[in-house]
Amino acid sequence: RHRKLQTWKSLVGAKKYESARDRVRGFVETGSSVMVLYGTRGTGKTQIASVATVRTIERNKPARMVTAAELVSDLKRRYDQEGDALADWLGEWGWQHLLVIDEINQRFGTDHEMVALTTLTDRRYANERPTLLIGNVTAKDLAGCLGSSVLDRCLEGGGTLCFDGLPSFRGR
């Protein structure tokens, strides 16, 4: 669905949206930390991240886009197999140049999930790989959703981008 608009120039709209687009573009091209896109639904967070993923691949750099629920399900599936599930999972998701994790607010909320996602984010941060996190959350819910360690990584590196106040792109 989000591949309809595959170039940075195709992402136009409100001045605030274009500013967010440019900031994400710069982060993905030069970043080595974590950035969070958050705010109300339908405001273009996933669309910007989708274009970032496609453009990264077109630059011959590996990139993946996944939901938080898919990441957690992948880890749980690995526990049913032989081997070191967490190490295998970190190896699978930690090496791409860009990793986009969408719907960070749509998880079961267990301590194990939080530890796994924090460990993955920390590994990518240590290896200087840009990570985009996307959630339909408010600023006050960010710390609870991400955990203080991940939020701290964001504040040091890529920062946070709020999409509240932007019109919804859905239904247009």
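Thresholds, definitions, all that
- Positions within a chain are numbered from 1, following the residues in the order the chain's sequence is written.
- Whole-chain, interface and lining totals are the exception, using all residues; otherwise, since this is a predicted model, local features are given only for residues with pLDDT of at least 70 and side-chain atom pairs are given and counted only at 80 or more.
- In computing side-chain properties, one takes all heavy atoms of the structure into account and sets aside hydrogens as well as water.
- Pairs were defined over the aromatic rings of Phe, Tyr and Trp, the Trp ring being its six-membered one, requiring ring centres within 6.5 Å. Orientation was assigned from the angle between planes: stacked under 30 degrees, edge-to-face over 60, tilted for the rest.
- Throughout this description, the term charge over a ring refers to an Arg CZ or Lys NZ atom that lies within 6 Å of the ring centre and within 35 degrees of the ring normal.
- For this analysis, a salt bridge means a side-chain nitrogen from Lys or Arg found within 4 Å of a carboxyl oxygen belonging to Asp or Glu.
- By definition, any uninterrupted DSSP run of H or I lasting at least four residues is a helix, any uninterrupted run of E lasting at least two residues is a strand, and each is numbered from the N terminus.
- Buried residues are those whose accessible area, probed at 1.4 Å on protein chains only, stays under 20% of the maximum for their type, while exposed residues exceed 50% and partly exposed ones sit between those limits.

1. Points about the packing of aromatic side chains
Using the criterion set out here, one finds zero aromatic pairs in the structure. Residue placement shows R64 over the ring face of W93; its charged tip is 3.9 Å from the ring centre. For R153, the ring lying beneath its charged end belongs to Y125, and the centroid distance is 4.2 Å.

2. Comments concerning the pattern of salt bridges
Under the defined criterion, the tally for this structure stands at eight salt bridges. Taking the shortest distance from any N to any O, the salt bridge between E58 and R55 comes out at 2.5 Å. Taken as a pair, E58 and R55 lie in helix α2 (residues 45-58) at a separation of three residues, close to a single helical turn. Where R64 meets E92, a salt bridge forms, and the shortest distance between an N and an O atom there is 2.6 Å. Here R64, found in strand β2 (residues 63-67), pairs with E92, found in helix α4 (residues 85-94); they are 28 residues apart in sequence, far enough to count as distant. The partly exposed category is assigned to R64, whose relative accessible area is 28%. Linked by salt bridges that have partners in common, R64, D74, R77, R78 and E92 make up one network.

Any functional reading would require information that these geometric values do not contain.
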